[in-house]
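Here is how the chains run, residue by residue.
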Amino acid sequence: MSSIPIPHEISFEGAAHHRVLIIGSGPAGYTAALYAARANLAPVVYEGLEPGGQLTTTTDVENYPGYVDGVLGPAMMEDFKAQAVRFGAEVKYGEITHLDLSQRPLKAVVDEETGILADTVIVATGASARYLGLENEKRLLGRGVSACATCDGAFFRGVDLAVVGGGDTAMEESLFLTRFASKVWLIHRRDELRASKIMQQRVKEHPKIKIIWNTIVTDILGADEVTGVRLRNVIDNSERDLAVRGFFVAIGHTPNTTLFRSWLDVDEQGYIETRPRSTQTNIPGVFACGDAQDHVYRQAVTAAGTGCMAAIDAERFLAAESG
Ligand code: NDP
């Protein structure tokens, strides 16, 4: 994604013209599609590079209301998609690579080549958890490596776990994991936490949490499941292996909003700003929902909720526009 201007050679003559263009296909995007489809707005969803979004990188989801026995993340996203399609949403594989939101209809380019027009745009591009970038971290993702304690913590009862990070997310994840784990090792690369004082205090006082300072994780160990992590002390360069059954990465998230930053107001971390109690951005007819505008809750159910809000906001905007 980039925010570079639309190349001159892209033509919008005879381009498809949508009432509602939804960019992104996690719980927010598909819920927006479901509501917009049921409002007879024939929405089109461009799924982006990671169809289904972050939930496709997790296994069981046990905290989405309605799934009594839990559901696999990818299967849940298939359900969301099928429900939206059933009411007429069109879901297309493709990435929106350029935008021009300076005039109406709004302009977008799919996969660097196809121009499309839209009366409203719903941004549902989500956020991506940051990972350390280790090869074995990727290989063992969903098999002991996770970036979401709320999603996966309950699978690790009575075992030792490690969390990496020193911000509020790492504190929250560590504290949450104490509900299940016998011990939580919090690994931080410096000798001082970045998190708010109150969260630091809770972590430091918790009997199940032990902080390992000045230390980086250099490898994740395990053939099919995580069995440990390799650590290096950055002061004396000493290495050691720590036996854990789960490894939680909590070094922040990055909102997938690069494409929009030259058009939409974003906060200092890049999350899209919306008006209070609304999904309306600073550009009329452009709405934002899900993790692209939420760094506080970041749950599938809250993303779905704001997706619903975005579709209702778009519907009302179109109704007001057409008088
Ligand atoms: P932050 O950017 O605040 O913290 C990220 C942490 O990860 C830092 O401690 C950083 O270390 C560490 N880190 C980053 N990259 C690496 C790496 N490659 N290897 C090892 N460690 C690394 O992100 P958060 O997600 O914690 O928080 C984001 C924002 O959301 C903050 O403003 C936070 O306050 C807020 N938030 C608020 C919550 C609440 O109020 N309940 C809950 C969760 C988040 P270093 O410190 O050395 O840079």
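Higher on the page you've got the structure.
What you are looking at is a predicted structure, and each value in this text was computed from that prediction instead of being measured. (Residues numbered from 1 in each chain as written. Predicted model: local features only at pLDDT ≥ 70, side-chain atom pairs only at ≥ 80, totals over all residues. Heavy atoms only, no water.)

(A) Inspection of the overall build of the protein at higher detail. Within the protein one finds seven helices and 19 strands. Computed over the C-alpha atoms, the radius of gyration of the protein is 21 Å, within 12% of the 20 Å expected from 2.2 N^0.38 for a compact globule of 323 residues. If one aligns the C-alpha atoms of the protein with their principal axes, the spans along those axes are about 65 × 40 × 35 Å. Counting over 323 residues, the protein shows a buried share of 51%. Taking contacts inside the protein between residues at least 6 apart in sequence as the whole, the part at least 24 apart equals 61%. (Helix = DSSP H or I, 4+ residues; strand = E, 2+ residues; numbered from the N terminus. Rg over C-alpha atoms; globule rule 2.2 N^0.38 Å. Buried < 20%, exposed > 50% of the residue type's maximum accessible area, 1.4 Å probe, protein only. Contact = heavy atoms within 4.5 Å.)

(B) Structural detail: the pairing of strand E14 (residues 215-221). Two elements, E14 and strand E15 (residues 228-233), share six bridges in a ladder whose sense is antiparallel. Directly across from Ile216, in E15, lies its bridge partner Arg232. Linking E14 back to E15 in an antiparallel pair, the connection comprises six residues, with Gly222 at a positive phi of about 135 degrees. (Pairing = 2+ DSSP bridges.)

(C) Here's a closer look at the packing of helix H1 (residues 27-38) against helix H7 (residues 300-321). Close contact between H1 and H7 brings their axes to 7 Å; oriented N to C, the two are set at 35 degrees. Handedness of the H1/H7 crossing: right-handed. Facing Pro27, Ala28, Thr31, Ala32, Tyr35 and Ala36 of H1, the residues of H7 in contact are Ala300, Ala303, Ala304, Gly307, Cys308, Ala311 and Ile312. Among the residues making up the contact of H1 with H7, the classes are represented as 11 nonpolar, two polar and no charged. (Axes fitted to C-alpha atoms, helices over the stretch in contact; angles between N-to-C directions. Left-handed = near helix turned anticlockwise from the far one by under 90°. Nonpolar A, V, L, I, M, F, W, Y, C, P; charged D, E, K, R; others polar.)

(D) View of the packing of aromatic side chains. Scanning the model with the defined rule gives five aromatic pairs in all. On the basis of an interplanar angle of 65 degrees and a centroid distance of 6.2 Å, the ring pair of Tyr64 and Tyr67 is categorised as edge-to-face. On the basis of relative accessible area, Tyr67 is assigned to the partly exposed category, the value being 23%. Between Tyr64 and Phe80 the ring centres are 5.6 Å apart and the planes differ by 75 degrees, which places this aromatic pair in the edge-to-face class. Here Tyr64 is found in the loop between strand E3 (60-61) and strand E4 (71-72), whereas its partner Phe80 is found in helix H2 (residues 73-86), with 16 residues between them in sequence. (Phe/Tyr/Trp six-rings, centres within 6.5 Å; stacked < 30°, edge-to-face > 60°.)

(E) Region of the structure containing the sheet that holds strand E16 (residues 239-243). Spatially, E14-E15-E16 is the arrangement adopted by the three strands of the open sheet, whose pairing is antiparallel. With partners counted over all chains shown, the strands left at the sheet margins are E14 and E16, one partner each. Sheet twist, expressed as the mean angle between neighbouring strand axes with direction ignored, is 30 degrees. Direction of pairing for E15 relative to E16: antiparallel, over a ladder of five bridges. For Leu231, the partnering residue across the bridge sits in E16 and is Arg240.

(F) Highlighting the site of the ligand. In the region of the ligand, 15 residues are neighbours, and Asp168, Thr169, Arg189, Arg190 and Arg194 sit closest. The contact in question runs from an oxygen atom of the ligand to an N or O atom on the backbone of Gly167, over 3.3 Å. Take Arg194: an N or O atom from its side chain is 2.6 Å from an oxygen atom of the ligand. Calculation on the ligand without its partners gives an accessible area of 910 Å², and the protein chains cover 71% of this total. Its residues assigned to classes, the shell around the ligand comprises two nonpolar, eight polar and five charged. (Near = heavy atom within 4 Å. Polar contact = N/O pair within 3.5 Å; in protein donor to acceptor, adjacent residues only side chain to side chain. Areas by Shrake-Rupley, 256 points an atom, 1.4 Å probe, with all protein chains shown as cover.)

(G) Looking closely at the sheet that holds strand E10 (residues 145-146). Strand order in the open sheet formed by five strands is E10-E17-E11-E12-E13, with parallel pairing between adjacent strands. Single-partner strands in this sheet number two, and they are E10 and strand E13 (209-212). With two bridges joining them, E10 and strand E17 (residues 246-249) adopt parallel strand pairing. Each bridged residue has a counterpart across the sheet, and for Val145 the counterpart in E17 is Phe247.

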